[in-house]
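Single-letter residue listing:
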Amino acid sequence: MEHLIATAVAVMTAAGIYLTLSQGTFTIVMGLTLLTYATNLFLFTMGRLAANQPGIIFDPTAAHADPIPQSLVLTAIVISFGMTALLLVMAVRGYFESDGDGVDLLGPEESVARSRQ
Amino acid sequence: MNHWLILPILLPAIVAPLLAMAVRHDIVLARVYSVGSTVLLVLLGLLQVWMAFDGTTRTYELGNWAAPFGIVLVLDRLAAIMLLLTAVLGLLVLLYAINGCDRRGRHFHALFQFQLMGLNGAFLTGDLFNLFVFFEVLLIASYGLMVHGGGAARTRAALQYVIVNLIGSSLFLFALGLIYGVTGTLNMADLALKVPQVDSGNQALLYTGATLLLIVFGLKAAMVPLHFWLPGTYGNAAGPVAALFSIMTKVGAYGIIRVYILAFGPQHGEQHWFISEWLMPSAAITLILGMIGVVASRSLSQQSGFAALASMGTVMIAVAAFTPQAESAALYYLIHSTLAIAALFLVVDAVTIRRPGLGDALITGPQFTHIGLIGSMFFVSVIAVAGLPPLSGFTGKLLILDAVTELQGWGWIWAVILGTSLLALISFASSGSMIFWKSTSVDGNLVAPQSPPIALPMVAVGSILAVLFLFTAASPVVDHYLDATAEQLFDTQQYIHAVLGGEELASS
C-alpha cells in the first residue's frame, strides 16, 4: 500500500507541476486540481497508513487510526474545492475580457490603452 | 476565559455576511456598517495593545478544548500591535474608499471585512493549520478585492495572483503534512517542544517541512526569488485595494518572525541552520531589485508596487538578523512601511483619476484639479517611503543599520540600504517633478469628466500621514514597546508556558 500511495502522490504532483507550467489558463486549472489532489492524499498519509482501524479512540492502548489528518484533509478539500471554483470563474471572466486564455500580463501598449478609456 | 481575544475575528465575521446579504443594495448603509465595524476594530486593537502592555501572554481556547488538542488564540505583544496596525490601516483605507471607489464593483465592503477577519485571525492564532485556514480566508477575500473595478489588465493580473497563491497553499499543506508527520503536532507552542526531540532519522523530513514553510511565507512576503507576483498585482489593483494589500506582505514577515523564532529558533541550535543563511541574501536582493524597479518604472502605480517590494526587502534584512534588537527594528520599520506605502498608493490613485487620458503614466501633462494639495501629499508620503527625516522611515532605517552591526559583513548591508535609499530619493524626486512640478510648463488644464470628491480622500491620506508623524513623535514609547515585544518573542519558554500550562511543560 505504501508504494501504491507514494506512486500516486508522485505521479499526480509531477503531472500537476507539468500542467501548471503551461501557458493556457485551463491547463493550469487542471494542473492545480491535480496538485491539490496530491496534497490531500499526502496529508492523509501523514497520520500513517492504517487499514480497518477505528478513528475514534475508546481505548488508548488499542490500535487506532490518527483522526487529525483526516479532519485536516477534510478542511483542505473544502478550501481547495472553493478555490478551484473561484479560479475557474476568474479564468472564464479573463477569457471573455481579453480574448484568449493566456496568463501573461498585458503589454504596456494595452495598459496605456486601458488608462485612456 | 478572556472573550476579548476572539472579538477581532468575530466582529468582521458577523458584519461581512450582513453586508453581503442584508444591506447589499444600500451603499450608504453598507458604508456605515463597514466604517462602524472598523472603528470598533481600532478600539479593540487599542484595548489589546493595552492588555498586552504588561507582558502576559493571554490565550483563548476555542470550544474550551485545551492545547495542544484544541485550537488556541494567543495574544502577546506582537499579535496586539499587528492587530492595531491592521485596524488603523483598514479604517483609513476605508475612509478613502467610500468616496466612490467602493461603488465600482459589488460587495466591496463585505470583502473588505472578510479580509480584515483573515488578517486578524492570522495574527491571533497559535496553531499552524489554523494559520493556513486564516491565510485562505484573507486570500479569498483579496482575490475578490483584486478584481474590484474590473478591466482586462486587472483580471489578468488577478488571475496570476490567484494561481501563484494556490500553488503557495498547496506547498503550505505539504509543509504542514511533513511537520505533522514528524512531530505529531501543529500547535506552535507544542511544536517548539517537539522539534528538539525529533530523532536524527527524521530530521531531514523536518528540515524539508520547515524549508517548504519558509518558501510559503517567503512567497507571501514577496522575497526574491518569489517576488514576481507583487509588482503586477499591486500595480494593477485599485488604489485603495493596493493600499490595504500593503499589510498582506507583512503577514508573510509575521509568519517568519513568529514560527521560526518560536519553533525553529536559535535556542534549538542546529535547526537554526537554514534561516539566516538564506534569508539575508534574499532580503538584500529583494531590496536591490525593488529599487531598480522603482527607478525603471514607467507609471506611478508600478513605482509604488516596486517600492512595496523594496520595503519588504528592508524589513526582511532586519528579520533575518534574528537578534532581539534587530527584530524590534524590523517591527518598527514594518509598521512604518505599511502605512507609508498605503499613503503612497492612495495618493497615486488620487492622481490617476484626475488625469484622464494620461492616468498614472510618468508623462508630464497639464495641471489637474487640486494639484497643489495632492502634490504636497505625494511629497510627504514619498519622504516617508524613501526614509528621509523627519519621518519614521529615517528612524526605522537608523534602527536597522544599528541592529545589523553585530553581524558579519554588515558593511555590505549598510551599503545596500543606504545605496537603495539614494535610488529611491532620486527616482521619486524625478517622478514628482514630472507629474507635479513641470505641469506648469504645459498649457491648459486637465479636467476629469466627473469631478471626484477631494475632501474625504485627502482627510484619509492626511490621517495616514498624521499617524506616521505621531508614530515618529512617539518613537521612545513605541521603541520601548517593540523592544519588550522582541524580548517576549525570544523568551519562548514563557509563550509555551502560557499556551500549554505548567504541567505539560514539566511532563515533556
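Residues numbered from 1 in each chain as written. Chains lettered and ligands numbered in written order. Predicted model: local features only at pLDDT ≥ 70, side-chain atom pairs only at ≥ 80, totals over all residues. Heavy atoms only, no water.

### Quick notes on the overall build of chain B
Okay, step 1: Along its length, chain B carries 21 helices and four strands.
Okay, step 2: The proportion of buried residues among the 508 residues of chain B is 65%.
Okay, step 3: Partitioning the intrachain contacts of chain B with sequence separation of at least 6 by distance along the chain shows that 79% fall at a separation of at least 24.
Okay, step 4: Surface accessibility of chain B: about 17200 Å² in total, with carbon and sulfur atoms responsible for 68%.
Okay, step 5: Mean positive and mean negative side-chain charge positions of chain B (18 and 23 charges, respectively) differ by 19 Å. (Helix = DSSP H or I, 4+ residues; strand = E, 2+ residues; numbered from the N terminus. Buried < 20%, exposed > 50% of the residue type's maximum accessible area, 1.4 Å probe, protein only. Contact = heavy atoms within 4.5 Å. Areas by Shrake-Rupley, 256 points an atom, 1.4 Å probe, with all protein chains shown as cover. Lys, Arg positive; Asp, Glu negative; His and termini not counted. Charge placed at Lys NZ, Arg CZ, Asp CG, Glu CD.)

### Thoughts on the interface of chain B and chain A
Okay, step 1: The interface is formed by 36 residues belonging to chain B together with 39 residues belonging to chain A.
Okay, step 2: When chain B packs against chain A, close to 3500 Å² is buried across both sides, 73% of that on carbon and sulfur atoms.
Okay, step 3: Counting the surface chain B buries against chain A, the share from its top three residues, B:Arg156, B:Phe174 and B:Tyr180, is 20%.
Okay, step 4: Where chain B meets chain A, there are zero salt bridges.
Okay, step 5: The tally of links from chain B across to chain A stands at two residue pairs in polar contact (both at pLDDT 80 or more).
Okay, step 6: Every element with two or more residues in the side of chain B that touches chain A is listed here: α5 (128–146), α6 (152–183) and α9 (229–236) of chain B.
Okay, step 7: The element best represented in the side of chain B that touches chain A is α6(B), accounting for 21 residues. (Buried area = accessible area lost by both parts, 1.4 Å probe. Salt bridge = Lys/Arg side-chain N within 4 Å of Asp/Glu carboxyl O. Polar contact = N/O pair within 3.5 Å; in protein donor to acceptor, adjacent residues only side chain to side chain.)

### Thoughts on unusual backbone geometry
Residues and elements named next belong to chain B.
Okay, step 1: With omega at 0°, the peptide bond leading from valine 224 into proline 225 counts as cis.
Okay, step 2: In the segment running from proline 389 into proline 390, the intervening peptide bond is cis, with an omega of 15°.
Okay, step 3: With phi around 60°, histidine 107 is a residue other than glycine that occupies positive phi space.
Okay, step 4: In the Ramachandran plot, phenylalanine 322 falls in the positive-phi region, its phi being about 55° despite a non-glycine side chain.
Okay, step 5: Tracing the chain through its elements places phenylalanine 322 in the loop between α13 (300–321) and α14 (324–354).

### Examining the pattern of salt bridges
Residues and elements named next belong to chain B.
Okay, step 1: Evaluated as defined, the whole model comprises four salt bridges over all chains.
Okay, step 2: A salt bridge links arginine 31 to aspartate 102, with the nearest nitrogen and oxygen atoms 2.8 Å apart. Of this pair, arginine 31 sits in helix α2 (residues 27–52) while aspartate 102 sits in the loop between α3 (77–97) and α4 (108–124), and the two are 71 residues apart along the sequence. The pair formed by arginine 31 and aspartate 102 is uniform in burial state, with each residue classed as buried.
Okay, step 3: The partner of arginine 258 in a salt bridge is aspartate 76, with the nearest N and O atoms 2.8 Å apart. Taken together, the residues arginine 258 in helix α11 (residues 248–262) and aspartate 76 in the loop between β2 (72–75) and α3 connect sequence positions 182 residues apart. Taken as a pair, arginine 258 and aspartate 76 share a single burial class, namely buried.

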